[in-house]
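# Per-entry structural report
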Amino acid sequence: MTRETVLKVDNINVFYGELQALWDVSIDVHKGHIVSVIGANGAGKSTLLNSIAGVMTPRTGTMEHMGVSINRMRPDETVAQKIALVPEGRRIFTRMSVYDNLIMGSYPKEARQFRKRNLERVYHLFPKLAERRNQRADTFSGGEQQMLAIGRALMSGPELMLCDEISLGLAPTIIKQIYKRLEEVNDEGMSIVLVEQDIHQSLKEADYVYVMLKGRIVLEGKPSDLNVDQVKAAYFGV
Ligand code: ATP
C-alpha cells in the first residue's frame, strides 16, 4: 500500500526579483516520512522551504498540503494549515524567556486551546527547556537554542515540520541528541522535511532524499537505492 501524500510541490519556479532561484522544483512528502533535501550552499534549499512556509511565493507551479492549496498563503496561514518552519539561524527571541518563546509559537487560534498539552509535550521532549523555562534565551548554548526553535515550532501543533539546517555549527553529540528527538516526533506521525548540507546525516535519517544543484532537483530516491558516490556527484554537479 502506498502512503498518503501530505505535501505535494509541483513544478514551482521561484524568483528573487529577476533572479530565478528555483527551476521546476517538485517534491512529494508522504505521511510520517522524513524527507531530506540536500545540496551545497546556494542550491536553493532554503528558498524551497520558505516557499512551502509562505515566506516566498512561487511565480508558477502549485503546492498542496493535505489536499489544500497553499500556493498563495502567507506564513501565518500556512501555520494554521499545520505547517511549521524551523528557520535557518533559529530566529528565536533572545531577550525573551524560554517560556515566552514557546508561547509565541502557539499563536494560531487552533493551537491556543492545545497550549498546555503542547507545552508539556515540548518540556517532556526537551527537559532542559523545562528546567530553564524562566531563563532568557540568550543565556543558552547554540544547541539549546536550536532545541528551543524546534520546541517553538511544535507549539503550533504541526503535522509537517520544515527544518532548515538545524545541525549547522553544532557539536556532533548535540546534533545526535537533536536528531534523536526529531525521530521521536516522527515516530508519533509527524512528517518532516530536513534541509541539510551533510550528506551522511541526511541519508541516515531519511525515508526519501532529493539532491538540489543550482535551483534544480538533480537526483532523488530512497537512501537504500542511492549510493553515496552517486549522491556526491549530483551534489557537486560532476
Ligand atoms: P544555504 O545553505 O546557503 O542557505 P540554500 O541551498 O538554502 O543555501 P538558498 O538560500 O535558497 O540556497 O539560495 C538559492 C539562490 O538564491 C542562491 O543563488 C542565492 O544567492 C539566491 N538568494 C537567496 N536569498 C536571496 C535574496 N534575499 N536575494 C537575492 N538572491 C537570493
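Up top is the structure.
What comes next concerns the included structure. (Residues numbered from 1 in each chain as written. Predicted model: local features only at pLDDT ≥ 70, side-chain atom pairs only at ≥ 80, totals over all residues. Heavy atoms only, no water.)

## Quick notes on the pattern of salt bridges
Stated precisely, the cut-off is as follows: Should a side-chain nitrogen of Lys or Arg be within 4 Å of a carboxyl oxygen of Asp or Glu, the pair is scored as a salt bridge. A run of H or I in DSSP becomes a helix once it reaches four residues, and a run of E becomes a strand once it reaches two; helices and strands are each numbered from the N terminus. Here the term buried applies to any residue with accessible area under 20% of the maximum for its type, exposed to any over 50%, and partly exposed to those in between, with areas from a 1.4 Å probe on protein chains only.
For the coordinates displayed, the defined rule picks out 12 salt bridges. Across the pair Lys8 and Asp28 runs a salt bridge whose closest N-O atoms are separated by 3.1 Å. Remark: Asp28 occurs in strand β2 (residues 19-30) and Lys8 occurs in strand β1 (residues 5-16); sequence separation between them is 20 residues. In this structure Lys8 comes out as partly exposed when scored by relative accessible area, which is 38%. A relative accessible area of 25% places Asp28 in the partly exposed class. A salt bridge links Arg74 to Glu77; the shortest N-O distance between them is 3.7 Å. Residue classification places Glu77 among the partly exposed positions, given a relative accessible area of 29%. Shared partners join several salt bridges into a network, and the residues in it are Arg74, Asp76 and Glu77.

## A look at the nonpolar core
The condition is simple: Buried Ala, Val, Leu, Ile, Met, Phe, Trp, Tyr and Cys residues form a nonpolar core when they are joined through side-chain atoms within 4.5 Å. The criterion used for residue contact is that any of the two residues' heavy atoms lie within 4.5 Å.
Counting residues in each nonpolar core, the largest one holds 35 residues, and the members touching the most others are Ile150, Met161, Ile166 and Leu182. At the level of secondary structure, the elements contributing two or more residues to this core comprise β6 (83-86), α3 (98-104), α5 (115-125), α6 (127-131), α7 (142-154), β7 (160-164), α8 (172-187) and β8 (191-196). The greatest single-element share of this core, amounting to six residues, is contributed by α7. Those residues within four positions of Leu182 in sequence are excluded, and the remaining contacts are Ile150, Met161, Cys163, Ile166, Ile192 and Leu194. Ala43, Leu48, Met73 and Leu162 belong to the second-largest nonpolar core, a separate cluster that totals 27 residues.

## Here we look at the sheet that holds strand β3 (residues 34-38)
Operational definition: Strands were regarded as paired on the criterion that DSSP finds at least two bridges between them. Lines fitted to C-alpha atoms define the axes here, with helix axes fitted over just the stretch in contact, and angles between the N-to-C directions of these axes take values from 0 to 180 degrees.
Reading across the sheet, the six strands line up as β6-β7-β8-β3-β9-β10 and stay open at both edges, with mixed pairing between neighbours. Each edge of the open sheet carries a strand with a single partner, namely β6 and β10 (216-221). Each strand of the sheet is rotated relative to its neighbour by a mean of 15°, with strand direction disregarded. Relative to strand β9 (residues 208-213), β3 runs parallel, the two being bridged by four bridges. Along β9, the bridge assignment pairs Val37 with Tyr210. On the sheet, helix α10 (residues 228-236) packs against β3, β9 and β10 and is oriented at approximately 30° with respect to β9.

## Some details on the sheet that holds strand β4 (residues 60-65)
Within the open sheet, the four strands sit side by side as β2-β1-β4-β5. Their pairing is antiparallel. Because the sheet does not close on itself, it has two edges, and the strands there are β2 and β5 (68-69). Sheet analysis places β4 next to β5, joined by two bridges and oriented antiparallel. Within β5, the residue paired with Glu64 across the bridge is Ser69. Running at roughly 115° to β1, helix α1 (residues 45-52) makes contact with β1, β2 and β4 of the sheet.

## Quick notes on the environment of Leu49
Along the chain, the position of Leu49 falls in helix α1. By relative accessible area, which is 0% here, Leu49 ends up buried. A C-alpha to C-alpha distance of 13 Å links Leu49 and Lys8, two positions 41 residues apart in sequence.

## Points about the site of the ligand
Operational definition: Being near a molecule or strand, for a residue, means having at least one of its heavy atoms within 4 Å of it. N or O atoms within 3.5 Å of each other form a polar contact, as long as, within protein, one can give a hydrogen and the other can take it, and as long as residues adjacent in sequence are counted only when both atoms are side-chain atoms. The accessible surface values rely on the Shrake-Rupley method and a 1.4 Å probe; as for residues, cover is taken only from the protein chains in view. Each residue gets one label: Ala, Val, Leu, Ile, Met, Phe, Trp, Tyr, Cys and Pro are nonpolar, Asp, Glu, Lys and Arg are charged, and the others, such as Gly, are polar.
Near the ligand lie 14 residues; those nearest to it are Gly42, Lys45, Ser46, Thr47 and Glu165. With respect to the ligand, the side chain of Lys45 contributes an N or O atom lying 2.8 Å from an oxygen atom. A distance of 2.4 Å separates an oxygen atom of the ligand from a polar side-chain atom of Thr47. With the chains in place, 61% of the 630 Å² that the ligand exposes on its own is no longer accessible. Listing elements by their share of the shell around the ligand, those giving two or more residues are β2 and α1. Among the elements that make up the shell around the ligand, the one with the highest residue count is α1 (three residues). Of the residues in the shell around the ligand, the class split is five nonpolar, six polar and three charged.

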